[in-house]
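Descriptive structure summary
Chain by chain, the residues:
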Amino acid sequence: MSTAMGAPRKTRRWILIGVVSLGLLVLVFAGWVGFRIWSVKVELDGLIPVAQQAREAIESGDLGRLASVTDDLSAGADRAAGATSDPAWRVAEAIPGIGSNLVAVRVVAEELGDISGAAPGVLTAAETLARRAPGTLVDTAALAAGEAQLAESARALASSAKALHALDVDSLVSPVAKGVTQVRDAVDALAPVAETAAGAARVLPTALGGDGPRSILLLVQNPAELRTGGGISGSFVELRAEDGRLTLVDQADSSEFPRRETPIVAVAQPTTALYGDGVGRYVQNASMTPDFAVSGQLASAWWASLTGHTPDMVIAVDPYVLQALLSVTGPVALPSGQVLDAGNVLDALLVQPYLSMSSDDQTELFSAAVEAVFGRISDGTLDALALLSAVEEPAAEGRISVWSAHADEQAVFAGSPIGGATARQRAAGAGAFAVYFNDATGGKMASYLDVAIESSTVDCRSDDLAEVAVTVTMGSHAPVDVGSLPVSVTGGGLFGVGAGDIGTNVTVVAPEGSFVGGVVVKDEPYPAATAISEGRAASTARVNLSPDEVNVLEFHFLIPRGDSDAQAIVHTPLMNPPQVRVGEGCGAGVSP
């Protein structure tokens, strides 16, 4: 009897011992994981601000601070990553409720390590740009030598950005979500810098004459008379690049190029359907096409026809770029005695000349301004990082475009925002629309033009398409007596637009896989010109504005339904920044 009763007691005792042991193991495990979490938290609390400081150091060009921050980031990231690599941590990641937070903490720790590993490559590039011989824009040999390291840095940061964006921030507890967001924002700022630097290291050494002299054609656009890529091709400047040095070779004004009966370079039918047959027949229209590869070839052909020189590269800029550069160079004096600075250059080049100067004097002023600014840049005494930082904003606005006659270099430019309007639309995402403006006035009236652009989802259809409307509201704030201004401003009614009115051809290009819908102007159906190029549907409509008049143009398209959630808008860079508003897509609750 006692033996029979003892067995259950013994069994219960072993069960109790087992439960207690398991409990102790759980407590030990929890304590160990808790210790690891605390260790990682301490490290991350210190590292997240350091990651932000690394971004700020790069943006400000403070190389000494960046080097110090990188060292701190590397040491702390190694400790944090080591703690999260513990097997107990990985087991805890499977626990419901807290597991996703532990995964996020581990990913942040690992990616901070990658950031610290990538930073030296960016630092090396920055130091290379900062160190150069007098009169040299870039040390081409040193930049070429750092290409591999920069490429690896760019790849590491792109990978980090992908890993961080894969985390579902909304499912995380607040402190973890905040940390993920801060690190992700830092990586999002650093990754494009590294990619740009890597691209520069691939192309700049040869483009700036590291392997032999190169010819660069600077195309100066005038946004007072709009074209798709910014403005009419007003002035041309040929530069010679050799071993990182730039020298001015020749200049010409658009008035020196004759109009042609046939295009100087063949232009594709969709382009002529949307923008007319003057794209290749008038030098001022070189950037009327959104594809800067075509614009570059047109500008190159025009220059070769005038001078016999075929450039290796074409770079388009406008006075807003000169304004940005003047913020670094400081004031420059022109041969006339006029002084240009960042505060007066836009008015001096885009407004006043057309009110008081002859055509020849306007040409002389533009040429002198370009020569003075680029003379200061090419003397090699300025901070290259400061110059690059200064032009970041105008580049993002589409005021700088680059084309190379060399296929390997062009592949880099075509895949970046400085590849032109089409490249900017592609970079803006699958649901991006582009809105382009081409002046039909024949004068410099763009300073009086006000624009607002809005996209909205009209219908989410059952056939996996969405109808999206792009509404362009345009107004003129020109004074009532504007018609009394010189013909160079108003066009003088010579091109079918009344003196003082603003005539504009507006083109909207939809995302890939799109179809043309209707166009409405002034609440009436409009017989728009349409075309589909490389899978993108586009429509062009014409509008005339008298002083104080407002017109509304509405362009409808059918686009892939999934792309409606990624709507974005890029546009021709304008003198007066437009109001832009992007609507919600089908994923936001718009029903079929």
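Our subject is the structure listed above.
Let me sum up the structure you'll find in this document.

What counts, and at which threshold
- Residues numbered from 1 in each chain as written.
- Predicted model: local features only at pLDDT ≥ 70, side-chain atom pairs only at ≥ 80, totals over all residues.
- Heavy atoms only, no water.
- Helix = DSSP H or I, 4+ residues; strand = E, 2+ residues; numbered from the N terminus.
- Expected span 1.5 Å × (residues − 1).
- Buried < 20%, exposed > 50% of the residue type's maximum accessible area, 1.4 Å probe, protein only.
- Polar contact = N/O pair within 3.5 Å; in protein donor to acceptor, adjacent residues only side chain to side chain.
- Contact = heavy atoms within 4.5 Å.
- Pairing = 2+ DSSP bridges.
- Axes fitted to C-alpha atoms, helices over the stretch in contact; angles between N-to-C directions.
- Disulfide = S-S within 2.5 Å.

1. Quick word on helix α6 (residues 147–165)
Relative to the 27 Å expected for 19 residues at 1.5 Å per residue, α6 spans 27 Å between its end C-alpha atoms, a close match to the ideal helical length. Buried residues of α6: L150, A151, S153, A154, A156, L157, S160, A161 and L164, and no others.

2. Considerations on the side chain of R227
By the element assignment, R227 lies in the loop between β1 (214–222) and β2 (232–242). In this structure the side chain of R227 is engaged in a polar contact, spanning 2.8 Å, whose partner is the side chain of N285. For R227, the residues in contact, after removing those within four places along its chain, are I232, Q284, N285, S287, M288, F437, N438, D439 and T572.

3. Structural notes on the sheet that holds strand β14 (residues 529–533)
Within the open sheet, the five strands sit side by side as β14-β15-β11-β8-β17. Their pairing is mixed. The two strands at the open ends of the sheet, each matched to only one other strand, are β14 and β17 (567–571). The mean angle between the axes of side-by-side strands here comes to 20°, regardless of whether they run parallel or antiparallel.

4. Some thoughts on the state of the cysteines
Chemically, a disulfide is nothing more than a covalent bond linking the sulfur atoms of two cysteines. Per the stated rule, a full pass over the model turns up one disulfide. Residue C460 pairs covalently with C586 via a disulfide, S to S 2.1 Å. Between C460 and C586, the S-S dihedral sits near -105°, and the bridge is therefore left-handed. Here C586 lies in the segment after β18 (579–582) and C460 lies in strand β9 (residues 449–460), a separation of 126 residues in the sequence. Residue C460 shares its accessibility class with C586, and that shared class is buried.

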